[in-house]
Amino acid sequence: MKKALLHHLYQQVRRCNCQCPGERQGAGTVVDTGNPETGIVLLGEAPGGEEIKLGEPFVGRAGVNLEGYLRLAGLQRGDVFIINSVKCRPVKNGGRANRRPVSCEIRSCARWLDEELAILSPRVIIALGDVALKRFGDPVRRIGECHGEPLLVDGVTVIPMYHPAAVIYRRQLAEVIAADFINLGQWLKRSFS
Ligand code: URA
């Protein structure tokens, strides 16, 4: 049932006609993946070039990191459902580079994300990075101030975590992120088994 509703939603996203001003690619070409029944959602930022090419979230470099971190938490892709806050790829330099989504894009994709979350009705949302945290969790604090600390938002537990791409630019975060994912695995075991 959830799969059918999600399929219908992604077809609508493909026809998205938002008027956001920036350069973008591939609205709705990334079909979010994982198991929609587990109650655990991983919320990223926006797809990058590899994701648009292959049609799945987190299949590029950040995805390789993510899979490693999930293993530290005792999880695989099939134990969670992986989605993005923004449904197109924000680009710059004529599509040659990714850029951070701007507020207007985050706001305008909020309707898709809200529908997606209504279908998934997760118990836990793991918010990966500042965009996800701002959109769903804490509009004021940054990930660096609250990573790994569960928050309760409208009855859903939101766990802010560093984005798995953060370590590509800040090697010194590797141990912090690894420790957060180990703790996440223990927290999930305590809370849900
Ligand atoms: N980063 C994200 O936030 N999402 C993806 O799908 C890929 C990279």
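Right above here is the structure, for reference.
Residues numbered from 1 in each chain as written. Predicted model: local features only at pLDDT ≥ 70, side-chain atom pairs only at ≥ 80, totals over all residues. Heavy atoms only, no water.

## Topic: helix α1 (residues 2-14)
In an α-helix, one turn spans 3.6 residues, which is why side chains three or four residues apart end up on the same side.
Right, on to step 1. With 13 residues, α1 extends 18 Å from end C-alpha to end C-alpha; this agrees with the ideal 18 Å at 1.5 Å per step.
Right, on to step 2. Those residues of α1 that fall on the buried side of the exposure criterion are K2, L6, L9, Y10 and V13. The arc enclosing the buried residues of α1, seen along the axis, measures out at 100°, which places them on a common side. Structural note: α1 exposes A4 and R14 on the side pointing more than 90 degrees away from its buried face.
Right, on to step 3. Elements that come into contact with the buried residues of α1 comprise β4 (81-84) and α4 (103-120). (Helix = DSSP H or I, 4+ residues; strand = E, 2+ residues; numbered from the N terminus. Expected span 1.5 Å × (residues − 1). Buried < 20%, exposed > 50% of the residue type's maximum accessible area, 1.4 Å probe, protein only. Arc of directions from axis to C-beta. Contact = heavy atoms within 4.5 Å.)

## A short note on the environment of I125
Right, on to step 1. Here I125 is to be found in strand β7 (residues 124-128).
Right, on to step 2. Taking the C-alpha atoms as reference, I125 lies 24 Å from E50; in sequence the two are 75 residues apart.
Right, on to step 3. Residues in contact with I125, not counting those within four places in the same chain, are V41, L43, L117, F136, V156, T157, V158 and I159.

## Re the pairing of strand β9 (residues 156-161)
Right, on to step 1. The buried count for β9 comes to 6 of 6 residues, which makes it a mostly enclosed element.
Right, on to step 2. Covered by surrounding structure in β9 are V156, V158 and P160 together with T157, I159 and M161, the residues of both alternating faces.
Right, on to step 3. As defined by bridge partners, β7 adjoins β9 across 5 bridges and the pair is classed as parallel. If you follow I125 over to β9, its bridge partner there is V158.
Right, on to step 4. In this structure, strand β8 (residues 151-153) lies alongside β9, joined through 3 bridges in antiparallel fashion. (Pairing = 2+ DSSP bridges.)

## Considering the sheet that holds β4
Right, on to step 1. Taken in spatial order, the 6 strands line up as β2-β4-β3-β7-β9-β8 in an open sheet, and their pairing is mixed. Edge positions in the open sheet fall to β2 (33-34) and β8, since each of these has one partner strand only.
Right, on to step 2. Along the sheet, helix α8 (residues 174-192) makes contact with β3 (40-44), β7 and β9, crossing β9 at roughly 165°. (Axes fitted to C-alpha atoms, helices over the stretch in contact; angles between N-to-C directions.)

## So, the pattern of salt bridges
Right, on to step 1. This model, assessed by the stated rule, comprises 12 salt bridges.
Right, on to step 2. Between K53 and E50 there is a salt bridge, and its shortest N-O distance comes to 3.0 Å. Highlighted residues: K53 and E50, both in helix α2 (residues 49-54), separated by 3 residues, approximately one helical turn.
Right, on to step 3. Here K53 falls in the exposed class, since its relative accessible area comes to 63%.
Right, on to step 4. Judged by relative accessible area, E50 falls into the partly exposed class, the value being 34%. (Salt bridge = Lys/Arg side-chain N within 4 Å of Asp/Glu carboxyl O.)

## A word on the layout of surface pockets
Right, on to step 1. Approximately 780 Å³ is the volume found for the largest pocket.
Right, on to step 2. As for the largest pocket, its lining consists of 29 residues, and the residues nearest its centre are E45, H163, A165, A166 and Y169.
Right, on to step 3. Only α2, α3 (61-72), α6 (143-146) and α7 (166-169) provide two or more residues apiece to the lining of the largest pocket.
Right, on to step 4. In this structure, the second largest pocket occupies an estimated 230 Å³ of space. (1 Å grid on protein atoms, 1.4 Å probe; cavity = no way out; pocket = protein on both sides within 12 Å on 5 of 7 lines; lining within 4 Å. Points joined across faces, edges and corners; volume = space filled by probe spheres on them.)

## So, the site of the ligand
Right, on to step 1. Around the ligand sit G44, E45, A46, P47, E51, P57, F58, N84 and H163, and those are all the residues in its vicinity.
Right, on to step 2. F58 places a main-chain nitrogen or oxygen 3.0 Å from an oxygen atom of the ligand.
Right, on to step 3. One nitrogen or oxygen atom from the side chain of N84 is found 2.8 Å from a nitrogen atom belonging to the ligand.
Right, on to step 4. Mapping the ligand onto the cavity grids shows that it belongs to the largest pocket.
Right, on to step 5. In terms of residue class, the shell around the ligand is built from 4 nonpolar, 3 polar and 2 charged. (Near = heavy atom within 4 Å. Polar contact = N/O pair within 3.5 Å; in protein donor to acceptor, adjacent residues only side chain to side chain. Sits in = over half its atoms within 2 Å of the grid points. Nonpolar A, V, L, I, M, F, W, Y, C, P; charged D, E, K, R; others polar.)

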